[in-house]
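Geometric and topological summary
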Amino acid sequence: MSKQNTFKLLLDLSTFMTLLIVSAPRATGDTIHEWLGVALAGAIVVHLLFNWNWIVDITSRLFTRPIKGHLFNYTLNLTLFVSGIMIILSGLMISKTVIPFFGISLPQNIIWRGLHEFFTNIVMVLMGLHVAVHWSWIVNMFKKIFSINSAPKAVMPSMNIQRKDG
Ligand code: HEM
Ligand code: HEM
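All values reported here derive from a predicted model rather than from experimental measurement. (Residues numbered from 1 in each chain as written. Chains lettered and ligands numbered in written order. Predicted model: local features only at pLDDT ≥ 70, side-chain atom pairs only at ≥ 80, totals over all residues.)

Counting its secondary structure elements, the protein chain contains 8 helices and 0 strands. Mapped in sequence order, the helices and strands of the protein chain form the string α-α-α-α-α-α-α-α. A burial count over the protein chain gives 8% of its 166 residues as buried. Considering only contacts within the protein chain whose residues lie at least 6 apart along the sequence, 68% involve residues at least 24 apart. (Helix = DSSP H or I, 4+ residues; strand = E, 2+ residues; numbered from the N terminus. Buried ≥ 20, exposed ≤ 12 C-beta atoms within 10 Å, placed from the backbone. Contact = placed C-beta atoms within 7 Å.)

Moving on to the site of ligand 2. Taken together, 21 residues sit near ligand 2, with E34, G37, G91, S95 and V98 positioned nearest. Ranked by residues supplied to the shell around ligand 2, first place goes to helix α3 (residues 30-50) with 6 residues. Looking at the shell around ligand 2, its residues break down into 10 nonpolar, 7 polar and 4 charged. (Near = placed C-beta within 6 Å. Nonpolar A, V, L, I, M, F, W, Y, C, P; charged D, E, K, R; others polar.)

Looking at the element boundaries, F16 is found in helix α1 (residues 3-22). A residue is classified by how many C-beta atoms lie within 10 Å of it, and F16, with 14 of them, is partly exposed.

Once that is clear, we can look at the site of ligand 1. Of all residues adjacent to ligand 1, which total 22 residues, the nearest are F16, N51, F81, G84 and H134. Counting only elements with at least two residues in the shell around ligand 1, the list comes to α1, α3, α4 (52-62), α5 (71-93), α7 (110-133) and α8 (135-150).

Attention shifts here to the packing of α5 against α7. Contact geometry of α5 with α7 gives a least axis separation of 8 Å together with a crossing angle of 150°. Judged by the inter-axis angle, α5 sits roughly antiparallel to α7. In this structure, the crossing between α5 and α7 has a hand that is left-handed. Contacts from N73, L76, T79, L80, S83, G84, M86, I87, S90, G91 and M93 of α5 reach α7 at W112, L115, H116, F119, T120, I122, V123, L126, L129, H130 and V133. (Axes fitted to C-alpha atoms, helices over the stretch in contact; angles between N-to-C directions. Parallel < 35°, antiparallel > 145°, perpendicular 65-115°, else oblique. Left-handed = near helix turned anticlockwise from the far one by under 90°.)

Our next topic: the environment of N121. Locating N121 in the fold gives a position in helix α7. A count of 11 C-beta atoms within 10 Å places N121 in the exposed class. Put simply, N121 and S23 are 98 residues apart on the chain and 9.4 Å apart in space, counted from C-alpha to C-alpha.

Further remarks concern the packing of α3 against α5. In the contact formed by α3 and α5, the axes pass within 11 Å of each other and the chain directions differ by 150°. At the point where α3 passes α5, the crossing takes the left-handed sense. Residues E34, G37, A41 and I44 of α3 form the contact with α5, whose participating residues are G84, I88 and G91. When grouped by side-chain class, the residues that make up the contact of α3 with α5 number 3 nonpolar, 3 polar and 1 charged.

Further remarks concern α5. An α-helical turn contains 3.6 residues, so a residue and the one three or four places further along point in the same direction. Taking 1.5 Å of rise per residue, the 23 residues of α5 would be expected to cover 33 Å, and the 33 Å separating its terminal C-alpha atoms lies within 8% of that figure. All buried positions along α5 are accounted for by N77, S83, G84, I87, S90 and G91. The elements touched by buried residues of α5 are α3 and α7. (Expected span 1.5 Å × (residues − 1).)

Let us look at the confidence of the model for the protein chain. With 88% of its residues at a pLDDT of 70 or more, the protein chain shows a mean pLDDT of 89. In the predicted structure, residues 159-166 sits below a pLDDT of 50 and forms 0 contacts with residues beyond four places in sequence or in another chain. (pLDDT = per-residue confidence, 0-100.)

Here it is, written out as structure tokens:
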């Protein structure tokens, strides 16, 4: 398996685990919740950079050729992206740790809290679909890791052939 795919798999797995932890702020406390949330935003930017070719390709085709086979996935990814932005934005607007850390004070508005919760729920559903769409990729990557570790090393018969010419 290529180094890039190994890195992508590790990034996807750790991003997913972080998402699960961040969605339980009562278990972690506010401080961990907020900083992990910011770190998660960074991990998702890296994830999107890895998939940049796909994003540019499908987006440019939107206005030229039809993208039939990709329409569902494109809409799903776009909605996921917008909802992710809304979680981070609303999270920063109600922040008690990260924003004050930078000496900034924002006007408080109860609406941001509601939006934060609403988009968290949306992302949980969309993330389930996103993982389902990529399930075979994830399983294939795991299979490749296993075959590297457990497959017997190929023996090349030619290695044992000795020349007997005289
Ligand atoms: C806001 C969050 C996210 C957005 C906007 C997003 C978007 C994308 C996009 C645009 C692609 C490439 C197009 C495609 O094949 O569908 C992709 C691929 C993929 N995403 Fe995400 N993604 C997000 C979070 C995650 C998370 C948390 C996981 C963890 C399970 C994940 C797993 C994958 C996998 C396995 C692939 C295919 C292989 C790869 O390139 O990594 N994504 N994602
Ligand atoms: C994907 C990232 C995030 C997810 C899934 C998420 C999820 C949640 C959830 C489920 C709650 C509890 C809502 C409730 O009980 O009504 C919450 C509360 C909160 N979140 Fe986030 N959040 C994320 C990112 C952030 C970020 C980046 C910040 C700020 C920098 C933030 C700040 C807060 C604050 C201040 C609360 C209120 C905590 C309290 O009052 O006890 N969140 N978040």
